[in-house]
Amino acid sequence: MHQGWLKSLSPLAQALFLLACLTIVLLGLRLGAPLINQVLLAIFLAVMLDPLISRLAHYRIPRVLSSLLVIAILLLLIVITIMSLSASAPDLIKLSRQAPNLVAAKLQYLTLSLSQMGIVLTADEMLNFVDAGAVVRFVTTQLSLIPGLLSWWLMVFLMLLFMLIELPLLKRTLRASKQHSALFIALEEGIQSVIVYARVKTLTGLLGGVIVWGVAHLLGLKFAFLWGVLMFIFNYIPVLGSFLAAIPPVIQTFILFDTQTSLMMVGFFVVLNLLLSSVLEPLMLGKRLNLTLTVQLLAFLFWQALLGITGAILAIPLTFLLKKVWLALRQPE
């Protein structure tokens, strides 16, 4: 009855009204992205860590104590990683300033080869198409924000602590509510699938990061640890993540070594991406999420535009959970 006024409107007016409401909601999410990112990340980590905390509870370890222990270990790992990345920031800044000139010098041979084929291009003109320094400068800019990341993560872990402690109470409340039983079942199924997805992505990200770190170290690349960390983080980004993580080390290889070594590095990342995303992940995930590559790419573009890098990382879990909730709400009572 309360929707009668909406149904009395013409179809065009209904569509415009719903579009206006959606625009206001998306604008609010975009403006509140800094806080929403922290809340979403805390929720995602709480869902991921809840099985571990529940298992520790079987060994009569208080939930508060086990939550504090797990969070302390995670925070320690993040602090160590941040300190390691901060140590490489000065050298990376120096590389970002030298990158355009170094790449221009390397492109001289390529321009000579193209001129023999009748294609006349100078190194400066080629740099107008691909700014090698821009990629490194982007990474450098992100590294300059590292000191503020620690306080950001502290707030995330504070919310995570309270969520882990109160999660059993929330589960009991939802189970006891008959009115939202279908929604709770859909959420529970969706969360289990997301947990498996996150575990697989974390495992393949760790594997890919260690492999990239090892190969970059063997080649003598100076920022091998940073490229491994990038591979681990960007592995969570659907479809394009592994390729985005490959750009900085490939550019550095092109600057330091010959063209053949650079092409071998490109081939290495292609093979690694195919191994992780086309072999390991499908074997471990199966058809659990049932999201096509097109949907994954669109989800990545939408959530990244809305919430930034956190939205890009959480694009698949958010999309899948929204899909499950939407299907549950559309089921007849």
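Within any chain, residue numbers begin from 1 and follow the written order of that chain's sequence. Since the coordinates come from a predicted model, pLDDT governs what is reported: local features require at least 70, and pairs of side-chain atoms require 80 or more to be given and counted, while whole-chain, interface and lining totals use all residues. For side-chain calculations, the full set of non-hydrogen atoms in the structure is used, while hydrogens and water are omitted.

The chain is annotated in an unreviewed UniProt entry as Pheromone autoinducer 2 transporter of Pantoea rwandensis. UniProt positions are given in the numbering used here, feature names are shortened, and annotations may be inferred rather than shown by experiment. Reading the Sequence similarities (unreviewed entry) entry of the UniProt record for the chain gives the comment "Belongs to the autoinducer-2 exporter (AI-2E) (TC 2.A.86) family." Listed under Subcellular location (unreviewed entry) in UniProt, the entry text for the chain is "Membrane".

S.K.: Please clarify how helix α12 (residues 293-307) should be interpreted in this entry.
M.R.: Working note: α-helix, 3.6 residues per turn, so residues spaced by three or four point in the same direction. For α12, spanning 15 residues, the distance from its first C-alpha to its last is 21 Å, which sits close to the expected 21 Å at 1.5 Å a residue. When accessible area is computed with a 1.4 Å probe and restricted to protein chains, residues below 20% of their type maximum are described as buried, those above 50% as exposed, and intermediate ones as partly exposed. Where helices and strands are cited, they refer to DSSP runs of H or I of at least four residues and of E of at least two residues respectively, numbered from the N terminus. Taken residue by residue, α12 has Q296, A299, F300, W303, L306 and L307 as its buried positions. In an axial view of α12, the angular spread of the buried residues amounts to 145°, which keeps them on one side of the axis. Exposed residues lying more than 90 degrees from the buried face of α12 are L293, T294 and L298. The first or second residue beyond α12 is G308, which carries a positive phi of 80°. Multiplying 1.5 Å by the helix residue count minus one yields the expected span of that helix. The arc refers to the directions leading from the helix axis to the C-beta atoms.

S.K.: Explain the side chain of N235 to me, please; I cannot follow it from the model alone.
M.R.: Looking at the secondary structure, you find N235 in the loop between α9 (224-234) and α10 (241-256). Any N or O atom pair separated by 3.5 Å or less is treated as a polar contact, with the protein-specific requirement of one donor-capable and one acceptor-capable atom, and with residues adjacent in sequence counted only for side-chain atom pairs. At 3.1 Å, the side chain of N235 and the side chain of T204 are in polar contact. In what follows, a contact means two residues having at least one pair of non-hydrogen atoms within 4.5 Å. Non-local contacts of N235, meaning those with residues more than four positions away in its chain, are made with K201, T204, G205, S242, L276 and E281.

S.K.: Which parts of the structure should I look at to understand the UniProt feature "transmembrane region" (unreviewed entry) in the chain?
M.R.: Within this numbering scheme, the UniProt entry marks residues 12-29, 35-53, 65-87, 150-170, 206-229, 236-257, 263-285 and 297-322 as carrying the feature "transmembrane region" (unreviewed entry). Counted over residues 35-53, helix gives 100% and strand 0%. Its end C-alpha atoms are 25 Å apart.

S.K.: Help me out: how do you make sense of the packing of helix α2 (residues 11-31) against helix α3 (residues 33-58) in this one?
M.R.: Between two packed helices, both the angle of their axes relative to each other and the distance between the axes serve to describe the pair. The geometry of α2 relative to α3 is characterised by a closest axis approach of 5 Å and an angle of 80° between their N-to-C directions. By the angle between their directions, the pair α2 and α3 is classed as roughly perpendicular. For the pair α2 and α3, the contacting residues are L29, R30 and L31 in the first and A33, P34 and I36 in the second. Grouping the constituent residues of the contact of α2 with α3 by class yields five nonpolar, no polar and one charged. To obtain each axis, a line is fitted to C-alpha atoms, and for helices this fit is confined to the stretch in contact; angles are then taken between N-to-C directions over 0 to 180 degrees. When an angle is under 35 degrees it counts as roughly parallel; over 145 it counts as roughly antiparallel; between 65 and 115 it counts as roughly perpendicular; any other value is oblique. Note on residue classes: Ala, Val, Leu, Ile, Met, Phe, Trp, Tyr, Cys and Pro are nonpolar, Asp, Glu, Lys and Arg are charged, and everything else, Gly too, is polar.

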